[in-house]
Amino acid sequence: MLWTLELFSLAKLSETKDDTGAVIVQTAPGKVVTHRGGTITLPCRYHHEPENVDPHRIRIKWTKVSDAFQFEDVFVALGRQQKVFGSYRGRVSLERAGPGDASVIIHNITLQDYGRYECEVTNDMEDDTGFVNLDLEGVVFPYYPPSGRYKLNYHQAEDVCRQQDAILASHAQLHKAWLEGLDWCNAGWLEDGSVQYPISHPRDQCGRKDSPPGVRNYGYRHKDDERYDAFCFTSNLNGHVYFLKRFKKVNYLEAVKACQRDDAVIAKVGQLYAAWKIQLLDRCEAGWVEDGSIRYPIVNPRTRCGGPEPGVRNLGFPDKKFRLYGVYCFRRNTDVQSTQAPKQTTSKPANSTRSI
């Protein structure tokens, strides 16, 4: 699959030198960019001074580092031995582009893969590290549940984003969305535990009219006790969202069954946003989505379609039994080939007793 590298060339690698000069690790400045379902290389190279080092004594380790400085093991290799951890199993492999290449390839990218990765190369007692930022193309959207605004603690915000085919957005993702015009006057949780909201058009009811535009930040809040909305992030779809054409409008239960009869499921909010942003779905007809809200996506604003700005219109959460609308369905692709990493066929040296 296609993927892009931002600000990266092997001739201009950022370089971090160990004081002893024994191991030097080079990684890409800026970030590498892909999308959900894609394949991406996290570039990392190393060399030694002096260079007469047994390659079987080199240990390569990749770790994901969160904003809260929590570490998640991804991949480790020592000579011919390799191990992949957790959700990365079956999806990560060494690039093996030549001597000194510690790059890894991640296949079938997920939303959870977004973030910062550490490449560590160790030679006996000497080691060096570098960092690679993995970014995803996608869309940020504000979300609140049927119970109303400001009802979610941090953990509940994580859950509702996940239920709508998304994850909690990062500050960088929210800031990018603000630069692209996102304006929302309700504060929401981000993945680092902070609470923020983007204002493109300052007004008195949103932090004073004379305040400059920007992303307002409440700082880090108590994850269990305090309640806000959520800012979710989603990316490419492995399928497509469509408005189901019917002769009559339906209630919520009838909408769910109608999608099922069409070999699909009722679309989640995140799927509708991804279809609007990435697949340019434009439909001026209100329809049920999975959480019981009524929404419709507008790419080209026009009269009687909800205002002058593009976006996904939200008409709220009506009575599921008695209110009648259309429905947005999601049908998963069935012809997508597997993008898992090739199986490694490695042999363990007979005299090897070292643990990786």
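Residues numbered from 1 in each chain as written. Predicted model: local features only at pLDDT ≥ 70, side-chain atom pairs only at ≥ 80, totals over all residues. Heavy atoms only, no water.

Q: Give me the overall build of the protein: which residues, what numbers.
A: Across its full length, the protein holds four helices and 25 strands. Looking at the protein as a whole, 49% of its 356 residues are labelled buried. For the protein, the proportion of contacts with a sequence separation of at least 24, taken over those separated by at least 6, is 61%. With the model as given, the accessible surface of the protein reaches about 18,600 Å², and the carbon-plus-sulfur share is 50%. (Helix = DSSP H or I, 4+ residues; strand = E, 2+ residues; numbered from the N terminus. Buried < 20%, exposed > 50% of the residue type's maximum accessible area, 1.4 Å probe, protein only. Contact = heavy atoms within 4.5 Å. Areas by Shrake-Rupley, 256 points an atom, 1.4 Å probe, with all protein chains shown as cover.)

Q: Could you give an account of the sheet that holds strand S5 (residues 40-42), with specific residues and numbers?
A: In sheet architecture, strand pairing relies on hydrogen bonds along the backbone and comes in two forms, parallel and antiparallel. With respect to topology, three strands assemble into an open sheet ordered S5-S11-S10, the strand pairing being antiparallel. Two strands in the sheet have a free side with no partner beyond their single neighbour: S5 and strand S10 (92-94). Ignoring which end each strand starts from, the neighbouring axes of this sheet average 30° apart. As paired strands, S10 and strand S11 (residues 104-106) are joined by three bridges and run antiparallel to one another. Bridging from a neighbouring strand, Val92 pairs with Ile106 of S11. (Pairing = 2+ DSSP bridges. Axes fitted to C-alpha atoms, helices over the stretch in contact; angles between N-to-C directions.)

Q: Please provide a residue-by-residue account of the state of the cysteines, values included.
A: According to the stated counting rule, one finds five disulfides in the structure shown. A disulfide bridge connects Cys259 with Cys329, and the sulfur atoms are separated by 2.0 Å. The disulfide joining Cys259 to Cys329 has a torsion of about -80° about its S-S bond and is therefore left-handed. One end of the pair, Cys259, is in helix H3 (residues 252-261); the other, Cys329, is in strand S25 (residues 326-332), and 70 residues separate them in sequence. Each disulfide of the protein joins two cysteines, and with those cysteines numbered along the sequence the arrangement is 1-2, 3-6, 4-5, 7-10, 8-9. (Disulfide = S-S within 2.5 Å.)

Q: Give a description of the packing of aromatic side chains that names residues and reports values.
A: For the structure on display, the rule yields twelve aromatic pairs. With a centroid separation of 5.6 Å and 80° between ring planes, the pair formed by Tyr154 and Trp189 is classed as edge-to-face. With Tyr154 in helix H1 (residues 154-163) and Trp189 in strand S16 (residues 188-189), this pair connects stretches of sequence that are 35 residues apart. Since its relative accessible area comes to 6%, Tyr154 is described here as buried. Between Tyr273 and Trp276, the aromatic rings sit 6.2 Å apart at their centres with planes inclined by 90°, giving edge-to-face as the arrangement. Of this pair, Tyr273 and Trp276 are both found in helix H4 (residues 269-277), three residues apart, which corresponds to roughly one turn of the helix. What makes Tyr273 buried here is its relative accessible area of 9%. Assessed through its relative accessible area of 15%, Trp276 is described here as buried. Each residue in the set Tyr150, Tyr154, Trp189, Tyr197, Tyr218 and Tyr228 is aromatic and connected to the rest through ring pairs, giving one cluster. In this structure, Arg116 is placed above the aromatic ring of Phe131, and the distance from its NZ or CZ to the ring centre is 4.2 Å. The ring of Tyr252 has Lys320 sitting right over it, with the charged end atom 4.4 Å from the ring centre. (Phe/Tyr/Trp six-rings, centres within 6.5 Å; stacked < 30°, edge-to-face > 60°. Lys NZ or Arg CZ within 6 Å of the ring centre and 35° of its normal.)

Q: Now, about the pattern of salt bridges: what can you tell me, with residues and values included?
A: Tallied over the entire structure, the rule returns 15 salt bridges. Across the pair Arg91 and Asp113 runs a salt bridge, and its minimum N-O distance is 2.8 Å. Residue Arg91 is located in the loop between strand S9 (81-84) and S10, and its partner Asp113 is located in the loop between S11 and strand S12 (115-123); the two are separated by 22 residues in the primary sequence. Asp113 carries the same exposure label as Arg91, and that label is buried. Of the charged contacts in the structure, one is a salt bridge between Arg208 and Asp210, with a shortest N-O distance of 2.8 Å. The pair formed by Arg208 and Asp210 is uniform in burial state, with each residue classed as exposed. (Salt bridge = Lys/Arg side-chain N within 4 Å of Asp/Glu carboxyl O.)

Q: Kindly report on helix H2 (residues 171-179), identifying the contributing residues and their values.
A: Along H2, the residues classified as buried are Gln173, Leu174, Ala177 and Trp178. Projected onto a plane normal to the axis of H2, the buried residues spread over an arc of 140° and lie on a single side. On the buried face of H2, the contacting elements are strand S14 (139-143), strand S15 (167-168), strand S17 (194-199), strand S18 (214-220) and strand S19 (229-234). At the C-terminal side of H2, Gly181 shows a positive phi close to 115°. (Arc of directions from axis to C-beta.)

Q: With reference to specific residues and values, describe the nonpolar core.
A: Counting 76 residues, the largest nonpolar core has Leu42, Trp62, Phe75, Val241 and Tyr328 as its most contacted members. It is H4 that contributes the most residues to this core, six residues altogether. With sequence-adjacent residues up to four places away left out, Val241 is seen in contact with Ala267, Gln271, Leu272, Ala275, Gln279, Leu281, Tyr328, Cys329 and Phe330. Counting 15 residues, the second largest nonpolar core, distinct from the first, contains Tyr252, Ala255, Ala258 and Cys259. (Core = buried A, V, L, I, M, F, W, Y, C linked by side-chain atoms within 4.5 Å.)

Q: Please provide a residue-by-residue account of the confidence of the model for the protein, values included.
A: Interpretation of the predicted coordinates at a detailed level should be avoided for regions scoring low in pLDDT. Across the protein, the average pLDDT comes to 88, with 87% of residues at 70 or higher. The model gives residues 1-21 a pLDDT under 50, and that stretch makes 54 contacts with residues more than four places away or in other chains. Here residues 342-356 is a poorly scored stretch, pLDDT under 50, and it has 21 contacts once near neighbours within four places are set aside; other chains count. (pLDDT = per-residue confidence, 0-100.)

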